[in-house]
Each structure stands twice: as structure tokens, then as C-alpha cells.
Amino acid sequence: MDTTPKWAHDVAKLMDTPAPDDWRLLAKRLGYSNDDLKSWASHSSPTMSALVEWFATHKSSEATRAVYIVLKEMNRNDSAKTVAAAMEAAGQ
């Protein structure tokens, strides 16, 4: 069962593009290992792979807030806005 929120797909589209502040930095900041990153790198959407794992092992509202905070710290305002809008819609 996929517990990943709908906004994750929009964030993945933004974060899958290679950049110094792409999905790899997000995954590292969320505490994933280099082995995890190597595994996800071959997937069609490595961001979604990381987020699926994240939401499978964390409570949804806490997981969403953590992703939002990390994205803000990374200055990925494009992705952070997507998560913020979802949080606002959910009343968080």
C-alpha cells in the first residue's frame, strides 16, 4: 500500500532533475545512507523512491513536516511551496 501523499509526485518532478540540491541532498538530509542513494539512483524517479520509503516508515503529518523543513533548509522553495500548499489544504 502506497502511503505517499499526492504532492510527492509534483516534488519528484522538480527534485529528479540533477542539481547540487536535488533528491540526493534531500535523501541525505532525511538520514538515508549512500547505499540507499545508490539503490534509488537507478530508478525512473529516485525522489519518489526515497519519499515512498520515508512515508512507509514515518507518520504522515510528521513526515510531511520534516520534508517541508528540509526543503526550506535546502532553499528549494519550488518544492517547499508544493508541500506547504498541501499542508495548508490539510489544515496543518
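What counts, and at which threshold
Residues numbered from 1 in each chain as written. Predicted model: local features only at pLDDT ≥ 70, side-chain atom pairs only at ≥ 80, totals over all residues. Heavy atoms only, no water. Salt bridge = Lys/Arg side-chain N within 4 Å of Asp/Glu carboxyl O. Helix = DSSP H or I, 4+ residues; strand = E, 2+ residues; numbered from the N terminus. Buried < 20%, exposed > 50% of the residue type's maximum accessible area, 1.4 Å probe, protein only. Arc of directions from axis to C-beta. Contact = heavy atoms within 4.5 Å. Axes fitted to C-alpha atoms, helices over the stretch in contact; angles between N-to-C directions. Parallel < 35°, antiparallel > 145°, perpendicular 65-115°, else oblique. Nonpolar A, V, L, I, M, F, W, Y, C, P; charged D, E, K, R; others polar. Expected span 1.5 Å × (residues − 1).

Participant: Help me get a handle on the pattern of salt bridges, residues and values and all.
Facilitator: In the structure shown here, the tally under the stated rule is three salt bridges. Linking Arg-76 and Asp-21 is a salt bridge whose minimum nitrogen-to-oxygen distance equals 3.4 Å. Of this pair, Arg-76 sits in the loop between helix H5 (60–73) and helix H6 (77–89) while Asp-21 sits in the loop between helix H1 (7–15) and helix H2 (23–29); the two residues are 55 residues apart in sequence, bridging distant segments of the chain. For Asp-21, a relative accessible area of 24% puts it in the partly exposed group. Note that Asp-78 is salt-bridged to Arg-76, the shortest N-O span being 3.0 Å. Judged by its relative accessible area of 35%, Asp-78 falls in the partly exposed class.

Participant: Can you break down H1 residue by residue, with the values?
Facilitator: Within the span of H1, buried status applies to Trp-7, Ala-8, Val-11, Ala-12 and Met-15. Around the axis of H1, the buried residues are gathered within 140° of arc, so they sit on the same side. On its buried face, H1 sits against H2, helix H4 (46–57), H5 and H6.

Participant: Please set out the packing of H1 against H6 residue by residue, giving values where relevant.
Facilitator: At a minimum axis distance of 9 Å, the contact between H1 and H6 shows a crossing angle of 175°. Compared by their axis directions, H1 and H6 come out roughly antiparallel. Contacts between H1 and H6 involve Trp-7, Asp-10, Val-11, Leu-14 and Met-15 from the first element and Asp-78, Ser-79, Thr-82, Val-83 and Ala-86 from the second. Partitioned by chemical class, the residues of the contact of H1 with H6 number six nonpolar, two polar and two charged.

Participant: Mind laying out H5, listing which residues take part and the relevant values?
Facilitator: Given a rise of 1.5 Å per residue, 14 residues ought to cover 20 Å, and the 20 Å separating the end C-alpha atoms of H5 matches this to within 8%. For H5, the set of buried residues is Ala-63, Thr-64, Val-67, Tyr-68, Val-70 and Leu-71. One side of H5 holds all its buried residues, which, seen down the axis, span an arc of 165°. Next to the buried residues of H5 lie H1, H2, H4 and H6. Just downstream of H5 lies Asn-75, where phi reads positive at about 60°.

All quantities given are derived from atomic positions and should not be read as evidence of function.
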